[in-house]
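Residues per chain are reported as follows:
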Amino acid sequence: MAAIKVHGSPLSTATQRVLACLYEKGVDFQFVSINMAAGEHKSDNFLALNPFGQVPAFEDGDLKLFESRAITHYVAHEYADKGTQLLIPGSNKEAAVLTLWQEVEAQQFNSPSSTLAWELFYKPFFGTATDAAKVEENETKLGKVLDVYETRLSQSRYLASDYFTLADLYHLPNIQCLLATSAKKLLESRPHVNAWVKEITARPAWSKVLAMQKQ
Amino acid sequence: MALKLYGAALSPCTSRVMTCLHEKEADFELVPVDLFAGEHKQLPFLAKNPFGQIPVLEDGDLSLFESRAISVYVAEKFKETGNDLIRHQSFKEAAEVKVWMEVESQQYHPAISPIIFQFFAAPLQGKSPDQAIIDENAGKLGKVLDVYEEKLSRTKYLAGDFYSLADLFHLSFTYYFMKTPCADLINERPHVKAWWEDISSRPAFQKVASAMNFGEKMN
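Residues numbered from 1 in each chain as written. Chains lettered and ligands numbered in written order. Predicted model: local features only at pLDDT ≥ 70, side-chain atom pairs only at ≥ 80, totals over all residues. Heavy atoms only, no water.

(A) Focus on the interface of chain A and chain B. The interface of chain A with chain B comprises 29 residues on the first partner and 32 residues on the second. Carbon and sulfur atoms supply 66% of the area buried between chain A and chain B, which totals about 2700 Å² over both sides. With a closest N to O distance of 3.3 Å, D62(A) and K92(B) form a salt bridge. At the boundary of chain A and chain B, one finds nine residue pairs in polar contact (both at pLDDT 80 or more). Of all elements in the fold, only strand 4 (63-66), helix 3 (68-78), helix 4 (92-126) and helix 5 (132-155) of chain A reach the threshold of two or more residues within the side of chain A that touches chain B. (Contact = heavy atoms within 4.5 Å. Buried area = accessible area lost by both parts, 1.4 Å probe. Salt bridge = Lys/Arg side-chain N within 4 Å of Asp/Glu carboxyl O. Polar contact = N/O pair within 3.5 Å; in protein donor to acceptor, adjacent residues only side chain to side chain. Helix = DSSP H or I, 4+ residues; strand = E, 2+ residues; numbered from the N terminus.)

Pasting the structure below:
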């Protein structure tokens, strides 16, 4: 049995973030499906793994972690010599550029893209009405963030470097949601962002994550 | 060459970085950015941070923004001096620090930040604090602090029995928070309150807190 266990749901963006990282690294893992519709993520068993009652939770032997970005950071470092190189090795200065763009995802991109994904992708899925004002507000916010990305990606093939890293990977789940909604225009109307989106969503590891949704 | 930090002493994000620099006993120069003149939203500052936010750190040819990214860089660069903030000698402890750094970023900050905004920034725009926004986020923050209360009943600090960057990341926004009527959320939870009193009394933070007088100048 694999030492690594991921407890989560294939529909959860945060779970997908971790799965993408594990597939990129080519490490074996066991996926433990959490029945969110039945509230399993709020059960005592699950709360012992993540006291915030959110998926995913992660185990590697007796190490237990939660927060998808902490999990992926751990996996990328612990298994640095396996699979895709997701980090920037070398000096502290070189590594700092990766940390920077990981923070940009967390602090600038995540909030407006998550809100748009919720309003335009998940709410219709669950049959709840979309809040048009929130959509407009967050499309404006996300547009400003993507303007910065457009400039950055005209200078650098990927966000932190000229190769795919964790910083790019972090964006995949929300981007995939947005591509299935009217908000995709924000991505498609910016040529460098569009090219980057097409490249990162075409990665084989990401296709494996999407395939899990069909099981 | 000394580090240059572009920012403002009363800004919580600038203070986050300065606290980290002090913990690591690292020399730096604070280059003031005139927020009220909008300096951070124009060139040349925009060339340093295209998101138009302080702080920015320059270390020779490296230029960084995002206070948490800067703090991580400083903690790694100076890992052999000052106080150990990242537990790099234990992979398990280092992973725990990362978890609770993410908790600050993903759970704590989104709830506390709008409260700070309503009490400190909205008045500058001629608005009264929006009680609906405050109440909604106080509710969210309370639930996060319930988890903290339980964790801090088992470990002295968030990531374990050791002070780390995860605790440090909470200091500057919580400092302003404690000046608002919502401070009860911290004071009513005994382990959270004890943790707050401990981490906010650390000399490195005390050096920074004295300049965090946003709001007082406005009267």
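(B) Expanded view of the domain arrangement of chain A. Residues and elements named next belong to chain A. We note that the domain assignment places domain 1 (5-86) and domain 2 (92-207) within chain A. Using only C-alpha atoms to locate each centre, domain 1 and domain 2 end up separated by 21 Å. Residue-level contacts link 15 residues of domain 1 with 18 residues of domain 2. For the domain 1 and domain 2 pair, buried surface summed over both sides reaches about 1500 Å², with 61% attributable to carbon and sulfur atoms. Between domain 1 and domain 2 we count three salt bridges in total. (Domains from an automatic or database assignment.)

(C) Structural detail: the UniProt feature "domain: GST N-terminal" (unreviewed entry) in chain A. UniProt marks residues 2-83 of chain A with the feature "domain: GST N-terminal" (unreviewed entry), using the numbering shown here. Across residues 2-83 of chain A one finds 34% helix and 21% strand; the C-alpha atoms that close the span lie 17 Å apart. (UniProt positions renumbered as here; feature names shortened; annotations may be inferred.)

(D) How the structure looks around the confidence of the model for chain B. Residues of chain B with pLDDT of at least 70 account for 98%, and the chain-wide mean is 95. Both confidence scores are given for the complex: pTM 0.95, ipTM 0.94. (pLDDT = per-residue confidence, 0-100.)

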